[in-house]
Amino acid sequence: MATMLLLPFRTLIPSSSSSSSSSSSSSNFRPAPLCCSNDRQALFNRIAPVYDNLNDLLSLGQHRIWKRMTVSWAGAKAGDHVLDICCGSGDLSFLLSQKVGSDGKVTGLDFSKEQLLIASSKQHSKNCFSNIEWIEGDALNLPFSDGSFDAITMGYGLRNVVDRPKAMQEILRVLKAGSRVAILDFNKSEELLTSTITEWIIDNVVVPVASAYGLLEDYKYLKTSIRGFLTGKELEKLALEVGFSSARHYELSGGLMGCMVAMR
């Protein structure tokens with residue numbers, strides 16, 4: 001398992017919350033007022049220091065393959081302006097940066113300031129990623145004009161937003177006509193065997209490892225969040241209902257993961 005194992009609660013819930021910009025070490029990090037659940041925001045700030053290590057450990061490195069596939073499906077190319085929603089510590093953003101090159105621009109958006117600061121610090125250790133801007137923001141209220149982006153990615157975020165149609169409508173709004181979004185997450189399989197294997201892995205691998213890092217409480221509801229997610233067919237239907245012209249869901253790693261690709 002990969003980043004999704006670190007995103008059991010990426011849920012945006014209306015409340016009053018804001019953050020300050022004074023501690024940012026990068027001019028490419030732009031905090032902004034946002035509305036989200038204080039406890040969810042605190043969760044992702046808390047796990048930020050071990051986020052990348054757990055990704056590699058729990059997925060045996062496979063998350064890097066899934067993310068490269070996601071970026072490829074998004075269709076980003078040289079010179080494009082692209083968006084990575086729920087960017088976390090920036091893995092998809094860095095891959096997008098390589099795709100769009102020095103003439104392009106990547107915007108990485110997340111509601112966790114600590115995750116964004118880690119992403120920014122990784123950016124400065126690799127000089128080739130100067131085309132990335134990090135923004136603290138809400139996936140349900142994207143702070144961008146209509147038709148701003150040539151491609152969009154979203155990694156392990158849609159599963160837990162409180163209003164999935166609204167999140168998809170926001171993606172549709174800021175995406176240019178003829179462009180694509182690629183959304184990577186757990187696959188809610190319709191096959192009993194696959195679902196059983198996924199839940200066994202969570203109970204016997206993910207939760208024990210998370211517990212060793214002191215994150216037991218942050219992971220024990222992961223299985224429930226997957227059960228409450230949409231199947232591939234339901235994701236395709238949702239995309240078409242909000243106005244995308246086409247949508248297709250791809251199963252990855254034997255159906256454990258999935259990526260939904262939709263075109264505006």
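Quick summary incoming for the structure in this document. (Residues numbered from 1 in each chain as written. Predicted model: local features only at pLDDT ≥ 70, side-chain atom pairs only at ≥ 80, totals over all residues. Heavy atoms only, no water.)

Re the nonpolar core
Right, on to step 1. Ranked by internal contacts, the top residues of the largest apolar core, which has 36 residues, are Val82, Trp134 and Met257.
Right, on to step 2. Looking at this core, the elements that each hand over two or more residues are helix 3 (62-74), helix 4 (91-100), helix 5 (113-124), strand 4 (132-136), strand 6 (175-186), helix 7 (192-212), helix 9 (222-227) and strand 8 (257-263).
Right, on to step 3. Leu140, Leu238, Val242 and Ala247 belong to the second-largest nonpolar core, a separate cluster that totals 32 residues. (Core = buried A, V, L, I, M, F, W, Y, C linked by side-chain atoms within 4.5 Å. Buried < 20%, exposed > 50% of the residue type's maximum accessible area, 1.4 Å probe, protein only. Helix = DSSP H or I, 4+ residues; strand = E, 2+ residues; numbered from the N terminus.)

Concerning the packing of aromatic side chains
Right, on to step 1. The full count for this structure, using the stated rule, is three aromatic pairs.
Right, on to step 2. Judged by centre distance (4.4 Å) and plane angle (15 degrees), the rings of Trp73 and Tyr250 are stacked. Within this pair, whereas Trp73 is found in helix 3, its partner Tyr250 is found in strand 7 (residues 246-252), the two being separated by 177 residues in sequence. (Phe/Tyr/Trp six-rings, centres within 6.5 Å; stacked < 30°, edge-to-face > 60°.)

Comments concerning the pairing of strand 7
Right, on to step 1. Inspection of the sheet shows strand 7 paired to strand 8 by seven bridges, in the antiparallel sense. For Tyr250, the partnering residue across the bridge sits in strand 8 and is Cys259. (Pairing = 2+ DSSP bridges.)

Considering the environment of Phe94
Right, on to step 1. By the secondary structure assignment, Phe94 is in helix 4.
Right, on to step 2. Taking relative accessible area as the criterion, Phe94 reaches 7% and is therefore assigned buried.
Right, on to step 3. The spacing of Phe94 and Ala119 is 25 residues in sequence and 9.1 Å in space, taken between C-alpha atoms.
Right, on to step 4. Setting aside residues no more than four positions away along its own chain, Phe94 makes contact with Ser89, Ala119, Lys122, Gln123, Phe129, Ile132 and Trp134. (Contact = heavy atoms within 4.5 Å.)

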